[in-house]
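Here are the chains, one letter per residue:
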Amino acid sequence: KGCGRSGHDVYWWGYNIFLDCNETRTAYQSFKAGGGATAGIAAISRFIPVPPTQLASAIAGAIGGGLAGFGQMIQDEHEGNGVRIRFTGITYAAVPTGIFPQ
């Protein structure tokens, strides 16, 4: 059974996304698993000795680390009732600027 609020609020400066406790667990597990898998693939692909592959590997490693880090931030703020993720900006370029417990 879900606990906490699930949904979103839109403001002139950006928006908040609310994840209940079940959605929060799913989100941080998915981010951490996806980030770990991406970083693992990046590490393995570094053994292919051509410059384009090495550049792609470095980019994938950075993205994987970012995903895993974002998942850890969500997990750290989860206190049992879910989290609120604040995004600044209304466009597709909105960036997460804070994660808070509900």
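Above this text is the structure in question.
### Re the state of the cysteines
Evaluated as defined, the whole model comprises one disulfide. Residue Cys 3 pairs covalently with Cys 21 via a disulfide, S to S 2.1 Å. Disulfide Cys 3-Cys 21: torsion about the S-S bond near 135 degrees, hence right-handed. Here Cys 3 is found in the segment before strand 1 (7-10), whereas its partner Cys 21 is found in helix 1 (residues 21-45), with 18 residues between them in sequence. You can call Cys 3 partly exposed: its relative accessible area is 22%.

### Looking at the pattern of salt bridges
Evaluated as defined, the whole model comprises one salt bridge. Between Arg 5 and Asp 9 there is a salt bridge whose closest N-O contact spans 2.8 Å.

### Quick word on helix 2 (residues 51-77)
Look at helix 2: 39 Å from first C-alpha to last across 27 residues, which is about the 39 Å you get at 1.5 Å a residue. What helix 2 keeps buried is the set Ser 57, Gly 61, Gly 64, Phe 70, Gly 71 and Ile 74. Those residues of helix 2 hidden inside the fold are in contact with helix 1, strand 3 (83-88) and strand 4 (95-101).

### Focus on helix 1
Count 3.6 residues to each turn of an α-helix, and residues three or four apart come out pointing the same way. Along its 25 residues, helix 1 runs 36 Å from first to last C-alpha, staying within 8% of the 36 Å computed at 1.5 Å per residue. Regarding helix 1, the residues found buried are Cys 21, Thr 24, Ala 27, Tyr 28, Gly 35, Ala 42 and Ser 45.

About the cut-offs
- Residues numbered from 1 in each chain as written.
- Predicted model: local features only at pLDDT ≥ 70, side-chain atom pairs only at ≥ 80, totals over all residues.
- Heavy atoms only, no water.
- Disulfide = S-S within 2.5 Å.
- Helix = DSSP H or I, 4+ residues; strand = E, 2+ residues; numbered from the N terminus.
- Buried < 20%, exposed > 50% of the residue type's maximum accessible area, 1.4 Å probe, protein only.
- Salt bridge = Lys/Arg side-chain N within 4 Å of Asp/Glu carboxyl O.
- Expected span 1.5 Å × (residues − 1).
- Contact = heavy atoms within 4.5 Å.

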